[in-house]
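If you want the building blocks of each chain, they are given just below.
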Amino acid sequence: MTLRRPTTRRQFLAEGSVGIAGAALLPACSGEAPAVGAQPRAGRSVVRTLGKTGLALPVVSMGSSYAVNLVQTALDEGIVYIHTSSSYGERNHERLLGEVFRTRSRDSFVVATSPDLPYRYSLGRGRSRDLGLAADPKLIETSLDGSLKRLQVDAVDIFYLCSVGTREVQFEPYLEAFDRVRKAGKARFIGVGTHDNEPAVIRAAIDAEAWDVVLTAYNFRQTHREDVRDAIREAATAGLGVVAMKTQAGVYWDRERTR
């Protein structure tokens, strides 16, 4: 593909984001399917299918922006997939999105969230948190019910078990709760989210043969990014959709997060 040289800062940011986010999604998105909801404007973004979910999405999506006008504009300009969590902003991010979504047709956006569970901080891993084995699976369904009310929707498109940091986390008790909400029609697809020890977690999700999507950190600062990329390829081969997060590496260049 031949790229034209960006002539404005806005064009540079837009085209750069497509390249960075698309790099992680490329191995996991193949085939063609009707795009869900509003179509991106011509020439604005590449659309790919998210694994076997059938969701055809632009390769650039949106995370936890707390500016209503920014979210509105993003959706107007062709963004389709919006990511949130019941743990963001003491649940206020979901409330904000609910105000945006209530004025739009349900097939014009794809929304994903995750339950607010008692994660633990992992010693020796900086700011990372890990779900661990002690969370009560009953909290998963209760949390989703609250999310649906705040988002003002009948079902979310993807529901993630997030902050899975080790392969040793047993999926079975959590998976049973996730499977129940999927069968109840409250979540169309279910997934696993990881931003620590990603290759092992992705491979554990593959082995479980139960999840639809993997949400993984993937960026240029990861010293193990090639192993992450290999795991992404394996997930794609297994039919899992892959969504990349933290693609800008948190925009800090140093461990102390000062630059």
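Quick notes on the rules
Residues numbered from 1 in each chain as written. Predicted model: local features only at pLDDT ≥ 70, side-chain atom pairs only at ≥ 80, totals over all residues. Heavy atoms only, no water. Helix = DSSP H or I, 4+ residues; strand = E, 2+ residues; numbered from the N terminus. Buried < 20%, exposed > 50% of the residue type's maximum accessible area, 1.4 Å probe, protein only. Contact = heavy atoms within 4.5 Å. Pairing = 2+ DSSP bridges. Right-handed = clockwise from strand over helix to strand, strands pointing away. Axes fitted to C-alpha atoms, helices over the stretch in contact; angles between N-to-C directions.

Student: Please set out the overall build of the protein chain residue by residue, giving values where relevant.
Tutor: Check the secondary structure of the protein chain and you find 7 helices and 10 strands. Burial status across the protein chain gives 47% buried among its 259 residues. Across the protein chain, every contact between residues at least 6 apart in sequence was considered, and the portion connecting residues at least 24 apart equals 67%.

Student: Give me the side chain of Ser-163: which residues, what numbers.
Tutor: Within the secondary structure, Ser-163 sits in the loop between β7 (156-161) and α5 (171-183). If we ignore the near neighbours within four places in the chain, the residues touching Ser-163 are Tyr-119, Arg-129, Asp-130, Leu-131, Gly-193 and His-195.

Student: An account of the pairing of strand β4 (residues 110-113) is needed here, citing residue identities and associated values.
Tutor: Taken residue by residue, a regular strand's side chains alternate between the two faces of the sheet. Burial of β4 is two-sided: the residues Val-110 and Ala-112 facing one way and the residues Val-111 and Thr-113 facing the other way are all buried. Looking at chain direction, strand β3 (residues 81-83) and β4 are connected through 3 bridges and run parallel. Bridging across to β4, Ile-82 finds its partner in Val-111. The β-α-β motif built from β3, the intervening helix α3 (residues 92-101) and the parallel element β4 has right-handed crossover chirality. Here 2 bridges tie β4 to β7, and the two strands are oriented parallel to one another. Bridge pairing in β7 links Ala-112 to Ile-158.

Student: So what about the sheet that holds strand β10 (residues 241-245)? Which residues, and what values?
Tutor: The parallel open sheet is built from 6 strands, whose spatial order is β3-β4-β7-β8-β9-β10. If you trace the sheet from one side to the other, it starts and ends with β3 and β10, each paired once. With strand direction ignored, the average angle separating the axes of adjacent strands in the sheet is 25°. Of the pairings in the sheet, the one linking strand β9 (residues 213-217) to β10 comprises 5 bridges and is parallel in character. Note on β10: the bridge partner recorded for Val-214 is Val-242.

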